[in-house]
Amino acid sequence: MATTPLSEPVVLVVMGVSGSGKSTVAALLAGRLGWAFEEGDALHPQTNIDKMAAGHPLTDEDRYPWLEKVAEWVDQRLDHGENGVITCSALKRSYRSIINRRGSGVVFVFLSGTPQTISARLAERHGHFMPASMLGSQFADLEELSPGEPGIRIDVGPAPGVIAQQIMDKFGLRPSGTGREP
Ligand SMILES: Nc1ncnc2c1ncn2[C@@H]1O[C@H](COP(=O)(O)OP(=O)(O)O)[C@@H](O)[C@H]1O
Ligand SMILES: O=C(O)[C@H](O)[C@@H](O)[C@H](O)[C@H](O)COP(=O)(O)O
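Rules of the game
- Residues numbered from 1 in each chain as written.
- Chains lettered and ligands numbered in written order.
- Predicted model: local features only at pLDDT ≥ 70, side-chain atom pairs only at ≥ 80, totals over all residues.
- Heavy atoms only, no water.
- Buried < 20%, exposed > 50% of the residue type's maximum accessible area, 1.4 Å probe, protein only.
- Helix = DSSP H or I, 4+ residues; strand = E, 2+ residues; numbered from the N terminus.
- Pairing = 2+ DSSP bridges.
- Near = heavy atom within 4 Å.
- Polar contact = N/O pair within 3.5 Å; in protein donor to acceptor, adjacent residues only side chain to side chain.
- Areas by Shrake-Rupley, 256 points an atom, 1.4 Å probe, with all protein chains shown as cover.
- Nonpolar A, V, L, I, M, F, W, Y, C, P; charged D, E, K, R; others polar.
- Contact = heavy atoms within 4.5 Å.
- Axes fitted to C-alpha atoms, helices over the stretch in contact; angles between N-to-C directions.
- Parallel < 35°, antiparallel > 145°, perpendicular 65-115°, else oblique.
- Left-handed = near helix turned anticlockwise from the far one by under 90°.
- Salt bridge = Lys/Arg side-chain N within 4 Å of Asp/Glu carboxyl O.

A.B. asks: Before we move on, can you summarise the pairing of strand β3 (residues 84-87) with the specific residues and values?
C.D. replies: Side chains Gly84 and Ile86 project from β3 onto one buried face, and the interleaved Val85 and Thr87 project onto a second face that is buried too. In terms of strand pairing, strand β1 (residues 11-15) meets β3 through 4 bridges, oriented parallel. Bridge pairing in β3 places Val14 opposite Thr87. Pairing geometry for strand β2 (residues 36-38) and β3, over 3 bridges, is parallel. Residue Ala36 lies in a different strand from β3, and its bridge partner there is Gly84.

Here is the structure:
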């Protein structure tokens, strides 16, 4: 895989449908890098959590206040000259435009897998508010990264630690916040 050095500060937005591994991979990645980490699910208003828990997909209107919070977190990192990692499904291109409203400093990491693979993982995930039955609506809303958008697509097949390392290798990033290779 060819290395693409990042211009820092940078926030990696780990995106994809529910169950694609965002929380698992992003926490590993942030821990290895020593970068600030935020769980995008924690930024949802309670009304959104309740709606999803009841099995109803969010609308654009439901998502906008949440995306604003995600964008604020990103902006704060960049304003402070800090690197960061945040999870956010960021399913539509218009949502990603909100998150990347500066037009620089954001790189999306799209965790890509088939409905079959991801639904099997959701069937094994317990104690999470998001019902596995929502996966179809997540794929229906998903707009994959287009060529003009900053980001990479990573297959969710390998183990989480391998995926985290692939992301680091892709961007020439080294553990413990030492930044990219010279
Ligand atoms: N690469 C992977 N290989 C196998 N299982 C995974 C992988 N990534 C995540 N999982 C498991 O799949 C489920 C969904 O992962 P999670 O991180 O909660 O996804 P998301 O945050 O995108 O909803 C969890 O039970 C997690 O342990
Ligand atoms: O935009 C949305 O519909 C939600 O944000 C959704 O995509 C997100 O993934 C949920 O917060 C579920 O949480 P998990 O992704 O952790 O399952």
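A.B. asks: Residues and numbers for the site of ligand 2, please.
C.D. replies: As a structural note, the neighbourhood of ligand 2 is formed by 15 residues, with Ser18, Lys22, Asp41, Arg63 and Ser89 the closest of them. Note that an oxygen atom of ligand 2 is positioned 2.4 Å from one of the side-chain N or O atoms of Asp41. Within the side chain of Arg125, one N or O atom sits 2.9 Å away from an oxygen atom of ligand 2. Alone, ligand 2 offers 400 Å² of accessible surface; in the complex the protein occludes 98% of this. Each residue belonging to the shell around ligand 2 can be placed in one class, and the counts come to 5 nonpolar, 6 polar and 4 charged.

A.B. asks: Give a description of the environment of Gly151 that names residues and reports values.
C.D. replies: Mapped onto the fold, Gly151 is located in strand β5 (residues 151-155). Exposure remark for Gly151: the relative accessible area of 35% places this residue in the partly exposed category. A C-alpha to C-alpha distance of 24 Å links Gly151 and Gly136, two positions 15 residues apart in sequence. Filtering out sequence-adjacent residues up to four positions away, Gly151 remains in contact with Val107, Phe108 and Leu145.

A.B. asks: So what's going on with unusual backbone geometry? Which residues, and what values?
C.D. replies: Omega for the bond connecting Glu8 with Pro9 falls within 30 degrees of zero, at 5 degrees, which places this linkage in the cis form. Relative to the helices and strands, Pro9 is located in the segment before β1. We note that Ala90 has phi near 45 degrees; this positive angle belongs to a residue other than glycine. Looking at where Ala90 falls in the secondary structure, it is placed in the loop between β3 and α4 (93-99).

A.B. asks: Residue-level account of the packing of helix α1 (residues 22-33) against helix α7 (residues 160-171), with values.
C.D. replies: The interhelical angle for the contact between α1 and α7, taken along N-to-C directions, is 55 degrees, at an axis separation of 9 Å. Accordingly, the angle class assigned to the pair α1 and α7 is oblique. Pair α1 / α7 crosses with right-handed handedness. Contacts from Thr24, Val25, Leu28, Leu29, Arg32 and Leu33 in α1 reach Pro160, Gly161, Ile163, Ala164, Gln165, Ile167 and Met168 in α7.

A.B. asks: Lay out the pattern of salt bridges with the relevant residues and their values.
C.D. replies: In total, this model carries 10 salt bridges according to the counting rule given. Across the salt bridge formed by Glu68 and Arg101, the nearest N and O atoms sit 3.0 Å from each other. Here the residue Glu68 occupies a position in helix α3 (residues 60-79), and Arg101 occupies one in the loop between α4 and β4 (106-112), the gap between them amounting to 33 residues. Among the ionic pairs, Glu149 bridges to Arg96, the shortest N-O distance being 2.7 Å. Here Glu149, found in the loop between α6 (135-141) and β5, pairs with Arg96, found in helix α4; they are 53 residues apart in sequence, far enough to count as distant. Note on Glu149: relative accessible area 11%, which makes it buried.

A.B. asks: Describe the site of ligand 1, and please don't skip the residues or the numbers.
C.D. replies: Taken together, 15 residues are adjacent to ligand 1, and Gly19, Lys22, Thr24, Arg125 and Pro158 come closest. At a separation of 3.0 Å, an oxygen atom of ligand 1 approaches a polar backbone atom of Gly21. Ser23 places a polar side-chain atom, nitrogen or oxygen, 2.9 Å from an oxygen atom of ligand 1. For ligand 1, whose unbound accessible area comes to 550 Å², protein coverage reaches 78%. Of all the secondary-structure elements, those providing two or more residues to the shell around ligand 1 are α1 and α7. For the shell around ligand 1, the leading source of residues is α1, giving 3 residues.

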